[in-house]
Amino acid sequence: MKPQTKHIVLLPGDGIGPEVVAQARIVLETTAQVFGYSLSFEQALIGHAAIEATGDPLPPDTLAACRRADAILLGAVGHPQYDRNPSTPIRPEQGLLRLRQNLHLFANIRPIRIFDELLDASSLKPEILQGTNILFFRELTGGIYFGQPKGRDKARNRAWDTMTYSRQEIQRIARMAFEAARQRRRIVHSIDKANVLESSRLWRETVTTESKNYPDVQLHHMYVDNAAMQLIRAPRQFDVVVTSNLFGDILTDEAAQLTGSLGMLPSASTGAQIGLFEPVHGSAPDLAGTDKANPLAAILSAALMLEHAFGWHEAAHAIWNSVSHLLAEGWRTPDLAQPHTPAAKVVGTQQIGKLVASFVPMVALSSPAP
Ligand code: IPM
Ligand code: MG
């Protein structure tokens, strides 16, 4: 029987995006072949690359292609040109934010898993880190990112953003977090700033009400400032974390550093039919074109795609296990290298992609789920 083809739209975007997406594609192609699946690919513009070509960070053709896709893999958006002039009305990031909004991707899932091989690459002590395994649920289409009004007055001496949440927006992300906790250690930390913010008080109240449907899951509320501290003090206390758009943005960059490098952190944005998978890192313009970027976050995002979008669990596990194997053999991109890493094992973006792909057939035969 001919396997059903899954159609993937690639949005390489800016900076190191195209380089890391290219490696993720190689790994996807090999994995599909090994497991007898069929994939097709199409590429579209987003971010600065799209602004340069069309004047729009999310051109209509890109949105149309994404709507036809079974899943989307994004590299990164952003360009230093806009940071030099932060008030430019059109910015690359708008492409990604509009895409999330248009596709109703309200849940951003960011798994923080520490590979034992990288324990010494983190800035934290190994004994604090070992065994850390956190699943973040970041609300992605509400909060201060999208709340109205937002603006700036004519004289440019005042600007404002609005942090707003509805009960329904909080409920649906909370449910996902509680459901996920049931497959794990059954602990949910809900992060807010309810001692100060009204929107956080609604957040806390709604999550508490929702928790009544999950009596088997322990719920803890934590203020975001404390959570920022607890994450590096005792990260093992966390199992599932659910939080708002802005707090989730900040806390997941912090949590990424637990894994040794922002270059290790994948993410899945879901909610409606079509999922968007993307590394958490940005466009890293200083690394673009140098073959030094770490493609593992993009490669692991591809694994999340196979798992969440297609339900190809074994294929997804094979990618995670290939990455473990790569690290166990000592291969490192420069961001993961330590003073004692042999120079010969510090390799570039393309070599890492090739190696991960080459291990897939082997681990596919042998490995249990991670
Ligand atoms: C992220 C990024 C984005 C965000 C930017 C690029 C708009 O930082 O996905 O974490 O703030 O959501
Ligand atoms: Mg971010």
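What you see is a predicted model; the values in this text were computed from it and never measured.

A tally of regular secondary structure across the protein gives 13 helices and 12 strands. In terms of C-alpha radius of gyration, the protein reaches 20 Å, essentially the compact-globule figure of 21 Å for 370 residues. Considered along the principal axes of its C-alpha atoms, the protein spans approximately 55 × 50 × 50 Å. Taken across its 370 residues, the protein has 53% of its residues classed as buried. Pairs at least 24 apart in sequence give 76% of the contacts found in the protein among residues at least 6 apart. Approximately 15,900 Å² of the protein is accessible, and the part contributed by carbon and sulfur atoms is 53%. Side chains of the protein carry 35 positive and 36 negative charges; the gap between the two charge centres is 4 Å.

Glancing now at the site of ligand 1. Close to ligand 1 lie Glu93, Arg100, Arg110, Arg138, Tyr145 and Asp249. Here an oxygen atom of ligand 1 sits 2.9 Å away from a polar atom, N or O, in the side chain of arginine 110. The pocket occupied by ligand 1, as judged from atoms lying within 2 Å of grid points, is the largest pocket. Each of domain 1 (1-111 + 262-370) and domain 2 (123-259) accounts for three or more of the residues forming the shell around ligand 1.

Turning our attention to the pattern of salt bridges. The full count for this structure, using the stated rule, is 16 salt bridges. With its nearest N and O atoms 2.5 Å apart, the salt bridge here joins aspartate 216 to arginine 186. Taken together, the residues aspartate 216 in the loop between helix H8 (198-211) and strand S9 (218-223) and arginine 186 in the loop between helix H7 (167-182) and strand S8 (187-192) connect sequence positions 30 residues apart. Overall, the relative accessible area of 32% leaves aspartate 216 in the partly exposed class. The exposure class assigned to arginine 186 is partly exposed, which follows from its relative accessible area of 33%.

Our next topic: the layout of surface pockets. Its boundaries defined by the atoms lining it, the largest pocket holds a volume of some 1,300 Å³. Counting residues per element, the ones that place at least two in the lining of the largest pocket are strand S3 (71-76), helix H5 (92-102), strand S6 (151-152), strand S7 (159-160), helix H10 (245-258) and strand S12 (275-279). Here the element with the most residues in the lining of the largest pocket is H5; it accounts for 7 residues. For the lining of the largest pocket, a count of residues per class yields 16 nonpolar, 9 polar and 13 charged. Each of domain 1 (1-111 + 262-370) and domain 2 (123-259) contributes no fewer than three residues to the lining of the largest pocket. Taken as a whole, the second largest pocket encloses approximately 590 Å³ of empty space. Every residue lining the second largest pocket is counted, 23 residues in all, and those nearest its centre are Pro111, Arg113, Arg184, Glu307 and Trp320. Contributing elements (two or more residues each) for the lining of the second largest pocket: strand S4 (107-113), strand S5 (133-139), H7, helix H11 (296-309) and helix H12 (313-328). Considering every element that reaches the lining of the second largest pocket, the biggest residue donor is H12, with 4 residues.

Turning next to the sheet that holds strand S2 (residues 38-43). Spatially, S2-S1-S3-S12-S11-S4-S5-S10-S8-S9 is the arrangement adopted by the 10 strands of the open sheet, whose pairing is mixed. Single-partner strands in this sheet number two, and they are S2 and S9. With direction set aside, neighbouring strand axes in the sheet form an average angle of 25 degrees. Bridge analysis of strand S11 (residues 266-270) against S12 gives 4 bridges, and the strand direction is antiparallel.

For an interface, size is often stated in terms of accessible area lost upon the parts coming together. For the protein, the assigned domains are domain 1 (1-111 + 262-370) and domain 2 (123-259). Centre-to-centre, using C-alpha coordinates, domain 1 lies 24 Å away from domain 2. For the pairing of domain 1 and domain 2, the buried interface totals around 1,700 Å² over both sides, and the portion due to carbon and sulfur atoms is 65%. For domain 1, the biggest contributors to the area lost against domain 2 are Phe106, Asn108 and Arg110; these three give 38% of the whole. At the boundary of domain 1 and domain 2, one finds 0 salt bridges.

A few words on the packing of H12 against helix H13 (residues 349-366). Look at H12 against H13: their axes get within 8 Å of each other, and the N-to-C directions meet at 115 degrees. Read as a crossing pair, H12 and H13 show a hand that is right-handed. Contacts between H12 and H13 involve Ala318, Asn321, Ser322, Val323, His325 and Leu326 from the first element and Ile352, Leu355, Val356, Phe359, Val360, Met362, Val363 and Ala364 from the second. Along the lines of polarity and charge, the residues of the contact of H12 with H13 split into 11 nonpolar, 3 polar and no charged.

Thresholds applied
Counting from 1, residues in each chain are numbered in the order their sequence is written. Here chains are named by letter from A upward and ligands by number from 1 upward, in the order in which they appear as written. At least 70 in pLDDT is required for a residue's local features to be given in this predicted model, at least 80 for side-chain atom pairs to be given and counted, and no such filter applies to totals for whole chains, interfaces and linings, which use all residues. The side-chain numbers reported here are obtained from all heavy atoms of the structure, hydrogens and water having been left aside. Helix numbering and strand numbering both begin at the N terminus, where a helix is a DSSP run of H or I of at least 4 residues and a strand a DSSP run of E of at least 2. Within these notes, the globule rule equals 2.2 Å times the number of residues to the 0.38 power, and the radius of gyration is based on C-alpha atoms. The buried label applies to any residue whose accessible area, calculated with a 1.4 Å probe on protein chains only, is under 20% of its type's maximum; exposed applies above 50%, and partly exposed to all values in between. Contact between two residues is taken to exist if any of their heavy atoms lie within 4.5 Å; hydrogens are not considered. The accessible surface values rely on the Shrake-Rupley method and a 1.4 Å probe; as for residues, cover is taken only from the protein chains in view. By the counting scheme adopted, Arg and Lys are positive, Glu and Asp are negative, and His together with the chain ends is not counted. By convention, charge coordinates are those of NZ in Lys, CZ in Arg, CG in Asp, or CD in Glu. Nearness is judged by heavy atoms alone; a residue qualifies as near a molecule or strand once a single heavy atom is within 4 Å of it. Whenever a nitrogen or oxygen atom comes within 3.5 Å of another N or O atom, the pair is scored as a polar contact, on the condition that within protein one atom can donate a hydrogen and the other can accept it, and that pairs from neighbouring residues in sequence are kept only if both atoms are in side chains. Each cavity reported here is a set of points on a 1 Å grid over the protein atoms alone in which a 1.4 Å probe fits but cannot get out, each pocket an open set with protein on both sides within 12 Å along at least five of seven lines, and each lining residue one with an atom within 4 Å of a point. By definition, a pocket or cavity contains a molecule when more than half of the molecule's atoms lie within 2 Å of the pocket's grid points. Bear in mind that the domain bounds are from an automatic or database domain assignment. The term salt bridge refers to a pairing of a side-chain nitrogen on Lys or Arg with a carboxyl oxygen on Asp or Glu at a separation within 4 Å. Grid points are joined across faces, edges and corners, and a volume is the space filled by probe spheres set on the points. Only Asp, Glu, Lys and Arg are considered charged, only Ala, Val, Leu, Ile, Met, Phe, Trp, Tyr, Cys and Pro nonpolar, and every remaining residue, Gly among them, polar. Any two strands between which DSSP finds at least two bridges are classified as paired. To get an axis, fit a line to the C-alpha atoms, keeping to the stretch in contact for a helix; angles then go from 0 to 180 degrees between the N-to-C directions. Take the accessible area each of two parts loses on contact, using a 1.4 Å probe, and add the two losses: that sum is the buried area. Handedness of a crossing is defined here by the sense of rotation of the near helix relative to the far one, left-handed for an anticlockwise turn of less than a right angle and right-handed for a clockwise turn.

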